[in-house]
Amino acid sequence: MSGGDDAVQSTNDDATLCKLSAVSMGYWSDPFLPHMARPTSRDRRAPEIHLGYYARVAGVRLLIDKFFEACDTAVQVINLGAGFDTTFWRLLDEGRPVKNFVEIDFAGVSARKCHLIKRHKELMGLVAGEEGDIRLSRTDLHSTRYHLVAADFTDLPTLESKLVESEVDFSCPTLLLAECALVYVDQNKTSKMMSWLATKFSSLTFVNYEQLNMNDRFGQVMLDNLLSRGCLLAGVTACKDKASQVARFTDNGWDSAQCWNMNEVYSLLPQGEVQRVEAIERLDEKELLRQLFDHYCITVFPAACYGL
């Protein structure tokens, strides 16, 4: 594994601690996240970071919930670059009809998550289900409806093999999730993957959370900060603006997509909840928050499913 891969994987740890900091302050509830890491007082993040992650989590949850509401059958979810995400446990805890849930990440991340799941009965209980049939290796975990696998998701033969091993039904309504994952991948590799996905699945929805407007001064500061940590954003050309985000889909066999910056997403969230979280740590000045929101986005396919 290269140092660059190590640096990219370290962003999972940072994101997990940022979410934990926000959860500990009451921005949203996630009883499963504390099993993924142990925060300390020095891990407390700034209010803008808390609100940024709140908008990210709430926005993606809103779209996931709309997907489930639109489907009248059990569905599949595939999370690319899943990290220590806890969406599977939330969905089962809420009684959602999940037929199959697949998480894909580097072996270094999946091995640690396998260990954490095995270690905590609150995680393992929902993974095992009533059947209790589990296959576990150092990096991969398979149960009746949850699969955690180690793979480079742009290595298409390996990706297909891992999906087949995870009992993916390519004709079942499927939700693909990616959060700050594609930006680290060479654009040519991403394009090939997007084309493959468009032809392989017969009923596919894609929700992608990622950077935006990376060509302006604020975006350059963000880019320089990540580069200083050893993170090369090989796919940053797709993060130039909304048009480039949509083109990642429409140039590769997807007939439509829609992109919202996070200021727009924030305005679409339930305003009672927004008022509640803004009261947790009152910001006298919101300009930095608006700038942060202007440099992240959610892009979805198909656009018609999300008449927000």
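Our subject is the structure that appears above.
Each value, and the rule that gives it
- Residues numbered from 1 in each chain as written.
- Predicted model: local features only at pLDDT ≥ 70, side-chain atom pairs only at ≥ 80, totals over all residues.
- Heavy atoms only, no water.
- Helix = DSSP H or I, 4+ residues; strand = E, 2+ residues; numbered from the N terminus.
- Rg over C-alpha atoms; globule rule 2.2 N^0.38 Å.
- Buried < 20%, exposed > 50% of the residue type's maximum accessible area, 1.4 Å probe, protein only.
- Contact = heavy atoms within 4.5 Å.
- Areas by Shrake-Rupley, 256 points an atom, 1.4 Å probe, with all protein chains shown as cover.
- Phe/Tyr/Trp six-rings, centres within 6.5 Å; stacked < 30°, edge-to-face > 60°.
- Lys NZ or Arg CZ within 6 Å of the ring centre and 35° of its normal.
- Core = buried A, V, L, I, M, F, W, Y, C linked by side-chain atoms within 4.5 Å.
- Arc of directions from axis to C-beta.
- Pairing = 2+ DSSP bridges.
- Axes fitted to C-alpha atoms, helices over the stretch in contact; angles between N-to-C directions.
- Parallel < 35°, antiparallel > 145°, perpendicular 65-115°, else oblique.
- Nonpolar A, V, L, I, M, F, W, Y, C, P; charged D, E, K, R; others polar.
- Salt bridge = Lys/Arg side-chain N within 4 Å of Asp/Glu carboxyl O.
- Left-handed = near helix turned anticlockwise from the far one by under 90°.

A. Representation of the overall build of the protein chain. What the protein chain contains, in helices and strands, is 12 helices and nine strands. Taking 19 Å as the expected radius of gyration for a compact globule of 308 residues, we find that the protein chain reaches 18 Å, a close match to that expectation. Considered along the principal axes of its C-alpha atoms, the protein chain spans approximately 55 × 45 × 45 Å. Here the protein chain, with 308 residues, has 55% of them falling under the buried criterion. Look at the contacts in the protein chain between residues 6 or more apart in sequence, and 76% of them connect residues 24 or more apart. Total accessible area on the protein chain stands at roughly 13400 Å², and carbon and sulfur atoms take up 50% of it.

B. Here's a closer look at the packing of aromatic side chains. Within this structure, the stated rule accounts for 12 aromatic pairs. Note on Phe-249 and Trp-254: the rings are 5.3 Å apart at their centroids and 85° apart in plane angle, and the pair reads as edge-to-face. What links up through ring pairs into an aromatic cluster is the set Phe-88, Trp-89, Phe-101 and Tyr-146. In this structure, Lys-200 is placed above the aromatic ring of Phe-170, and the distance from its NZ or CZ to the ring centre is 4.9 Å.

C. Looking closely at the nonpolar core. Ranked by internal contacts, the top residues of the largest apolar core, which has 59 residues, are Tyr-54, Trp-89, Ile-117, Tyr-146, Tyr-266 and Ile-298. Sorting elements by how many residues they give to this core places helix α2 (residues 47-70) first, with 11 residues. With 28 residues, the next largest nonpolar core counts Ile-78, Leu-182, Phe-249 and Trp-254 among its residues.

D. A look at helix α5 (residues 121-128). Burial in α5 covers these residues: Leu-123, Met-124, Val-127 and Ala-128. For α5, the arc enclosing every buried residue in end-on projection is 120°, short of the 170-degree limit, so these residues lie on one face. Looking at the buried positions of α5, the neighbouring elements they touch are α3 (87-93), α4 (107-119), β4 (141-142) and β5 (146-150). Gly-129 occupies a position one or two residues after α5 and carries a positive phi of about 65°.

E. Seen up close, the pairing of strand β9 (residues 296-301). In terms of burial, β9 is largely enclosed, as five of its six residues are buried. Summarising the sheet, strand β8 (residues 258-261) and β9 pair through four bridges and their orientation is antiparallel. Residue pairing for β9: Asn-261 is matched across the bridge by Cys-297.

F. Region of interest: the packing of α4 against α5. Contact geometry of α4 with α5 gives a least axis separation of 5 Å together with a crossing angle of 95°. Put simply, α4 runs roughly perpendicular to α5. Seen from α4, the contacting residues are Leu-116, Ile-117, Lys-118 and Arg-119; seen from α5, they are Lys-121, Leu-123, Met-124 and Val-127. For the contact of α4 with α5, the residue count by class is five nonpolar, no polar and three charged.

G. Molecular detail of unusual backbone geometry. Pro-302 follows Phe-301 through a cis peptide bond whose omega is -5°. One can find Pro-302 in the segment after β9.

H. Just the pattern of salt bridges, in detail. Taken as a whole and judged by the stated rule, the model has 20 salt bridges. For Arg-90, the salt bridge identified is with Glu-94, shortest N-O distance 3.1 Å. Relative accessible area serves as the criterion here: at 10%, Arg-90 is assigned to the buried category. A relative accessible area of 44% means that Glu-94 is categorised as partly exposed.

I. How the structure looks around the packing of helix α6 (residues 156-165) against helix α7 (residues 187-200). Viewed as axis vectors pointing N to C, α6 and α7 meet at an angle of 40°, and their least axial separation amounts to 11 Å. In this view, α6 runs oblique relative to α7, as classed from their interaxial angle. Along this stretch, α6 crosses α7, giving a crossing that reads as right-handed. Here α6 contributes Leu-156, Leu-159, Glu-160 and Leu-163 to the contact with α7, which in turn contributes Lys-192, Met-193, Trp-196 and Lys-200. Here the contact of α6 with α7 is composed, by residue class, of five nonpolar, no polar and three charged.

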